[in-house]
Amino acid sequence: GAVVSQHPSRVICKSGTSVKIECRSLDFQATTMFWYRQFPKQSLMLMATSNEGSKATYEQGVEKDKFLINHASLTLSTLTVTSAHPEDSSFYICSAREGTPRDNEQFFGPGTRLTVL
Amino acid sequence: RKEVEQDPGPFNVPEGATVAFNCTYSNSASQSFFWYRQDCRKEPKLLMSVYSSGNEDGRFTAQLNRASQYISLLIRDSKLSDSATYLCVAPAITGGGNKLTFGTGTQLKVEL
């Protein structure tokens, strides 16, 4: 089956630093990757949609200059949380889709738990 | 109205029981839906896809009612390992079918 990996799985950083999270599709080429954030006891909230070779599309309320997304290849997308603050502490999950929007099925990475001190 | 709404639960049921969750959606143009399972502090995993009136996979049955715009998930013969949060997922209204909207999830606890 389709496998998506994320690295790191857990990161603790100081306020003001930047953190990069990688999302890789291991056995398929992902035309689209998605970045979600999940706070405790809440559902997944889409942050941005990323297509290989083009700029990411951010959801309303998500600062594109704070959450930098790069989708340089069909198997790798990165999310950089710049100048992280404690309120950015959350569970960040990426997903990848192989086909067209009609397929819709997204395969999720294991998530990255970010704690900003 | 939220795009996807679910009863948050928790549903506490004894092992072996049958339990059903409902989910309502607001986008009448949606063609496909999903049920995901999410364990505590883990990523969601696809449980079932629903493209037509319903889908069955072992102890799990998903049904779609387009007229009333709801999807249900039925779990028969509940196992302890079924304890998790079940997420109802539908295509987002915006995004041309490219994005998914997740419900807040229904928590299931199966007990001895």
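One structure accompanies this document, and this report is about it. All figures in this text were calculated on a predicted structure; none of them were measured in a lab. (Residues numbered from 1 in each chain as written. Chains lettered and ligands numbered in written order. Predicted model: local features only at pLDDT ≥ 70, side-chain atom pairs only at ≥ 80, totals over all residues. Heavy atoms only, no water.)

## Concerning the nonpolar core
Here is step 1: One finds A:Trp35, A:Phe67, A:Leu79, A:Tyr92 and A:Leu114 to be the most contacted residues of the largest nonpolar core, which totals 24 residues.
Here is step 2: Of all the elements in the fold, those that place two or more residues in this core are β2 (10-13), β3 (19-25), β4 (32-38), β5 (45-51), β7 (67-73), β8 (76-81), β9 (90-97) and β11 (112-116) of chain A.
Here is step 3: Residues within four places of A:Leu79 in sequence aside, it is in contact with A:Val19, A:Lys20, A:Ile21, A:Trp35, A:Phe67, A:Leu68, A:Ile69 and A:Tyr92.
Here is step 4: Ranked by size, the runner-up nonpolar core spans 23 residues in total, among them B:Val19, B:Cys23, B:Ala84 and B:Tyr86. (Core = buried A, V, L, I, M, F, W, Y, C linked by side-chain atoms within 4.5 Å. Buried < 20%, exposed > 50% of the residue type's maximum accessible area, 1.4 Å probe, protein only. Helix = DSSP H or I, 4+ residues; strand = E, 2+ residues; numbered from the N terminus. Contact = heavy atoms within 4.5 Å.)

## Looking at the side chain of A:His71
Residue and element names in this part refer to chain A.
Here is step 1: Within the secondary structure, His71 sits in strand β7.
Here is step 2: Using a relative accessible area of 5% as the deciding quantity, one classes His71 as buried.
Here is step 3: A distance of 2.7 Å separates polar atoms of two side chains, one belonging to His71 and the other to Ser50.
Here is step 4: Within polar-contact distance, the side chain of His71 engages the backbone oxygen of Ser73 at 3.1 Å.
Here is step 5: Those residues in contact with His71, other than ones at most four positions away along the chain, are Ala30, Thr31, Thr32, Met33, Ser50, Asn51, Glu52, Gly53, Leu76 and Ser77. (Polar contact = N/O pair within 3.5 Å; in protein donor to acceptor, adjacent residues only side chain to side chain.)

## As for the pairing of β5(A)
It is a general feature of regular strands that their side chains alternate between the two faces of the sheet.
Residue and element names in this part refer to chain A.
Here is step 1: β5 sits mainly inside the fold: 5 of its 7 residues count as buried.
Here is step 2: Two strands pair when backbone bridges link them, and β4 and β5 are joined in this way by 6 bridges, in the antiparallel orientation. Following the sheet pairing, Thr32 is matched in β5 by Asn51.
Here is step 3: In this structure, the hairpin formed by β4 and β5 is closed by a connection of 6 residues, where Lys41 is found at a positive phi of approximately 60 degrees.
Here is step 4: One ladder, built from 2 bridges, connects β5 with strand β6 (residues 57-58); its direction is antiparallel. Along β6, the bridge assignment pairs Ala48 with Tyr58.
Here is step 5: Counted along the chain from β5 to the antiparallel partner β6, the turn is 5 residues long, and its residue Gly53 has a positive phi close to 80 degrees. (Pairing = 2+ DSSP bridges.)

## What about the layout of surface pockets?
Here is step 1: By volume, the largest pocket amounts to about 730 Å³.
Here is step 2: As for the largest pocket, its lining consists of 25 residues, of which A:Pro40, A:Lys41, A:Gln42, B:Cys40 and B:Thr85 are closest to the centre.
Here is step 3: The set of elements that each furnish at least two residues to the lining of the largest pocket consists of β9 and β11 of chain A together with β9 (84-91) and β11 (106-111) of chain B.
Here is step 4: Per-class residue counts for the lining of the largest pocket are 9 nonpolar, 11 polar and 5 charged.
Here is step 5: Quantified by volume, the second largest pocket comes out at close to 520 Å³.
Here is step 6: Lining the second largest pocket are 26 residues, with A:Leu44, A:Met45, A:Leu46, B:Thr101 and B:Phe102 sitting closest to its centre.
Here is step 7: Listed by contribution, the elements that provide at least two residues to the lining of the second largest pocket are β4 and β5 of chain A together with β1 (4-6) and β10 (100-102) of chain B. (1 Å grid on protein atoms, 1.4 Å probe; cavity = no way out; pocket = protein on both sides within 12 Å on 5 of 7 lines; lining within 4 Å. Points joined across faces, edges and corners; volume = space filled by probe spheres on them. Nonpolar A, V, L, I, M, F, W, Y, C, P; charged D, E, K, R; others polar.)

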